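If you want the building blocks of each chain, they are given just below.
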Amino acid sequence: LHQYRDILGLWQPDLGPYGGLLNVVVDGLFIIGWMYLPPHDPHVDEPMRLKPVFRIHLMEKKTATVECMYGPKGPHNGQIQMAKKNEFCTNCLQTDYHRMSGGRQEEFRTWLRDDLGRTLDDIFHEHMQELILMKFIYICQYDNCLTYRRIYHPPSRPDDLVKPGFFKGTYGSHGLEIVMLSFHGMTAKATKITGDPNVPAGQPTLEVDLTRPMRLPSIEQLRNFSELSRLVLDIRDLISREQRLAGGVEDAGSSSRAEPAQAPSPVASVEESAANGPDASENGEQQPQDLQAFVLPEEVMARNGEYPRSCRVCFYGTGLIAGHGFSSPERTPGLFILFDDNRFGFIWLELKSFSLYSRMKDKFQNSQPPSPEAFDEMLRAMQLWTT
């Protein structure tokens, strides 16, 4: 097995906008490649589902044999090629093992049930039907040959807001997707490990400004989307003015535009927010000193209504949105909500939508970057893979 030692660790398959997460591990006399699939939408807190895609094992003659694990007919002959550093390819040599007696229709129904937890009768929305069929057709093109590129677990520092790592998140009609949370000075980034035709894998779906904490208003005000929108956009405008002034460009509109009146100020330190005393929860109970009561505005759509009703801290952030085929991408303002060590959320202001993210509890070996610089270089490369 020694000749395959360099494929241990985490990898992202080259599946166009969809990406994925592969973990290659040693298991006895086997090396197994496990594909990590999110739980079925919208159950973001459930564990990941593991699916073997290949295995390498020792035969009687002490030679390593590669087997493809795709399809319903069991292991069959495969091949692994390691052409360049941090990249390898898998080839299936018996693709007839992937086929089902009922043809593509049966394969589609099986894929819907196993991978998405759905049946044809569950899919009422025409747009969702198109998205699902498009994904199936795209994936089927790669059932005999697939390229994988190495990715790393994000490095951690003692002063990180929470432990970095991989999270499952809700993305509307696209279902659940995997993101990687990492910290870069006073900026937090969530990078897509799996993606969709709008914003593909490898792109920074969220960027959070950790210098801009927000103190939430009362529950009654928070239910009003216009109030939350005003608070977030005030911070966006403040950042924009600061950037113009820092660049030596006079803010032409500052003299004619009054500063927004707001009480309390949306920008406040975490310590100041805690010092103001505990917030009352929705049912009148007092929250712990370091928590704020939280509820989604009534106009904001949530895929999963079982979100926490209190949070530690909120920050101003931006979310990446785009048209089909990653056309006209733009960063739009929103609110990042840290609920606890294992869950965070993001309110997409322009979309009036809420994404809930839950930490993957899986342990990954051979996944640490050799240096912080190597991790940053990997992030830059990921964006290029799908741009």
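Predicted, not measured: the structure shown is a model, and the values here were computed from it.

## With respect to the overall build of the protein
Part 1 of the argument: Summing up its helical and strand segments, the protein has 6 helices and 19 strands in all.
Part 2 of the argument: Among the 387 residues that make up the protein, the fraction classed as buried is 49%.
Part 3 of the argument: In the protein, the share of contacts with a sequence separation of at least 24, taken over all contacts with a separation of at least 6, comes to 57%.
Part 4 of the argument: Total accessible area on the protein is roughly 19000 Å²; 51% of this is exposed by carbon and sulfur atoms.

## Here we look at the pairing of strand β18 (residues 343-348)
Part 1 of the argument: Burial runs high along β18: 5 of the 6 residues are buried.
Part 2 of the argument: The pairing of strand β17 (residues 327-340) with β18 spans 6 bridges and is antiparallel. Bridging across to β18, Ile-337 finds its partner in Gly-345.
Part 3 of the argument: Connecting the antiparallel pair β17 and β18 is a turn made up of 2 residues.
Part 4 of the argument: Where β18 meets strand β19 (residues 353-359), 6 bridges bridge the pair, whose relative direction is antiparallel. For Ile-347, the partnering residue across the bridge sits in β19 and is Phe-354.
Part 5 of the argument: Counted between consecutive antiparallel strands, the loop separating β18 from β19 contains 4 residues, among which Lys-352 sits at a positive phi close to 50°.

## Quick look at the packing of helix α1 (residues 103-116) against helix α2 (residues 126-140)
Part 1 of the argument: Following both chains from N to C, one finds α1 and α2 inclined at 110°, their axes separated by 11 Å at the closest point. It follows that α1 is roughly perpendicular to α2 by the angle criterion. From α1, Arg-104, Glu-107, Phe-108, Trp-111, Leu-112 and Leu-116 reach across to α2, where they touch Ile-132, Leu-133, Lys-135, Phe-136, Ile-139 and Cys-140.
Part 2 of the argument: Along the lines of polarity and charge, the residues of the contact of α1 with α2 split into 9 nonpolar, no polar and 3 charged.

## Concerning helix α4 (residues 225-246)
Part 1 of the argument: For α4, which comprises 22 residues, the first-to-last C-alpha distance of 32 Å matches the rise-based estimate of 32 Å (1.5 Å per residue) to within 8%.
Part 2 of the argument: Among the residues making up α4, those that are buried are Phe-225, Glu-227, Leu-228, Ser-229, Leu-231, Val-232, Asp-234, Ile-235, Asp-237, Ile-239 and Arg-241.
Part 3 of the argument: Looking at the buried residues of α4, the elements they touch are β12 (204-214), α3 (219-222), β16 (313-323), β17 and β18.
Part 4 of the argument: Capping of α4 at its N-terminal end is provided by Asn-224; its side-chain oxygen lies 2.9 Å from the backbone amide nitrogen of Ser-226.
Part 5 of the argument: Downstream of α4 by one or two residues, Gly-248 has phi in the positive range, about 80°.

Definitions and cut-offs
As a convention, each chain's residues are numbered from 1 in the sequence order in which they are written. Where totals are concerned, whole chains, interfaces and linings use all residues; where local detail is concerned, this predicted model gives features only for residues with pLDDT of at least 70, and gives and counts side-chain atom pairs only at 80 or more. Calculated side-chain values reflect all of the structure's heavy atoms, with hydrogen atoms and water omitted. Strands are runs of DSSP state E lasting at least 2 residues, helices are runs of H or I lasting at least 4, and numbering of each runs from the N terminus. For every residue, the accessible area (1.4 Å probe, protein chains only) is compared with the maximum for its type, and the residue is labelled buried under 20%, exposed over 50%, or partly exposed between those bounds. We call two residues contacting when some pair of their heavy atoms lies within 4.5 Å. Under the convention used here, a 1.4 Å probe and the Shrake-Rupley method define accessible areas, while residue burial counts only the protein chains that appear. Criterion used throughout: strands pair if DSSP finds at least two bridges between them. All axes here are fitted lines through C-alpha atoms, helices being fitted over the stretch that makes contact, and every angle between N-to-C directions spans 0 to 180 degrees. Any angle from 65 to 115 degrees is called roughly perpendicular, while one under 35 is roughly parallel, one over 145 is roughly antiparallel, and all others are oblique. Three categories are distinguished: nonpolar for Ala, Val, Leu, Ile, Met, Phe, Trp, Tyr, Cys and Pro, charged for Asp, Glu, Lys and Arg, and polar for the others, with Gly belonging to the last. For a helix, the expected span equals 1.5 Å multiplied by the number of residues minus one. What qualifies as a polar contact is a pair of N or O atoms within 3.5 Å, subject to a donor-acceptor requirement within protein and to the restriction that residues adjacent in sequence count only when both atoms come from side chains.

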